[in-house]
Amino acid sequence: MEKHPSHEIFTPADPQSTQELAWWHHSRLNPFHFHKRGRRFKAMLALITICFFWGTTWIAARQGVKFMPALQLAGLRQLLAGLCLVGYFIVKRAPWPTKAQWRTIAMLGFLNFLLSNALSTWGVRFIPAGLGSIIGAIYPIWLVLIGLATGSSKLSTRTALGMLLGFGGICIIFYEHLGELVNPAFRFGILLSVASTWSWAFGTLYTKKHAANFNPYFSFGLQLVLSGSVLLGGMKLTGNSMPLADIPWQSWAAIWYLVFFGSVITFAAFIYALQNLPTTQVSLYAYVNPVVAVLLGAALIGEPLSLFIGVGTAVSLYGVYLVNRTISRREKG
């Protein structure tokens, strides 16, 4: 699932403020080749790909964790996707990171994948995929709260309104789930999903401060390999993993879908869209993904869809939009 927002691919609230964006604009680093002709059309197609497939990852994860441990699924997804990317750059003889860059990569792997992605995957074991995606979309609000707590930002009227709408929308959605709050498993899923957004927010801030000035595609693959290895190793040592031969086809289908459509292909589309479209336009995916997750969750796996959920989703995402817009304007100024 992608977020943060999942979700799972790191996307800073304002990529133009990070050193890594300088690398994003060098198309020669992109492992997927796109011809120059029809670049605008292909960029829009890439954005549509992001909006759709990152929304579907919540559904795939929700189905996959029904049949196997959620953290093992997250670990396998991360490790396999990471090996695909790292293998490509090994073949291309890309330079390996320096010692200092490894520290940044390890911290980002910890915050964005070992914590954020793993927790959000574990969370949808207990709550609907649509609800998980909506919670995942509110992480910009934590950026504002962290900024207020550290004194690095001030609360504007637009930001305050956005935060109220964001939380208000979640309250509207939860009206449909009040009866489920007595279920400890449901509450645990909510806690995991919220904690996932906290980790993603701290990962965003860490990247802004310590972004390594080297190939972000290679970095992304290394983060996935490190996180996936730690997750799988931890599950094995604690005796909570399932033998690979016992994992049913439904979970393997979800894992491979998440590897290729949720990580490798969609990440390449994200990079291409960033190279050829305004950042603010690309960021629209964050507001489309939860809508895709909610609608497909209802259509494909029978998750609830009601007026309260629809209105609450719209209100919450508009609030997040206001917050994110304020953050982008402040950082550009």
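All figures in this text were calculated on a predicted structure; none of them were measured in a lab.

The rules we used
Residues numbered from 1 in each chain as written. Predicted model: local features only at pLDDT ≥ 70, side-chain atom pairs only at ≥ 80, totals over all residues. Heavy atoms only, no water. Salt bridge = Lys/Arg side-chain N within 4 Å of Asp/Glu carboxyl O. Helix = DSSP H or I, 4+ residues; strand = E, 2+ residues; numbered from the N terminus. Buried < 20%, exposed > 50% of the residue type's maximum accessible area, 1.4 Å probe, protein only. Phe/Tyr/Trp six-rings, centres within 6.5 Å; stacked < 30°, edge-to-face > 60°. Core = buried A, V, L, I, M, F, W, Y, C linked by side-chain atoms within 4.5 Å. Contact = heavy atoms within 4.5 Å.

Draft legend 1. Quick look at the pattern of salt bridges. Per the stated rule, a full pass over the model turns up one salt bridge. For Glu303, the salt bridge goes to Arg62, with nearest N and O atoms at 3.8 Å. Taken together, the residues Glu303 in the loop between α12 (285-301) and α13 (307-332) and Arg62 in helix α2 (residues 39-64) connect sequence positions 241 residues apart. Each member of the pair Glu303 and Arg62 is classed as buried.

Draft legend 2. Here's a closer look at the packing of aromatic side chains. Counted under the stated rule, the structure contains 20 aromatic pairs. Measuring from ring centre to ring centre gives 5.5 Å for Phe126 and Phe188, while their planes differ by 65°; the resulting arrangement is edge-to-face. Within this pair, whereas Phe126 is found in the loop between α4 (99-123) and α5 (129-136), its partner Phe188 is found in helix α8 (residues 184-210), the two being separated by 62 residues in sequence. Joined through ring pairs, the aromatic side chains of Tyr88, Phe89, Trp96, Trp102 and Phe218 make up one cluster.

Draft legend 3. Representation of the nonpolar core within the structure. Formed by 48 residues in total, the largest nonpolar core has its most connected members in Ile50, Phe270, Val282 and Tyr285. Those elements giving two or more residues to this core turn out to be α2, α3 (70-91), α4, α9 (216-237), α10 (249-276) and α12. Residue contacts for Ile50: discarding those within four places in its chain leaves Gly55, Thr266, Ala269, Phe270, Ala273, Tyr285 and Asn289. By size, the runner-up hydrophobic cluster in this structure holds 27 residues, among which are Ala137, Ile141, Phe174 and Ile309.

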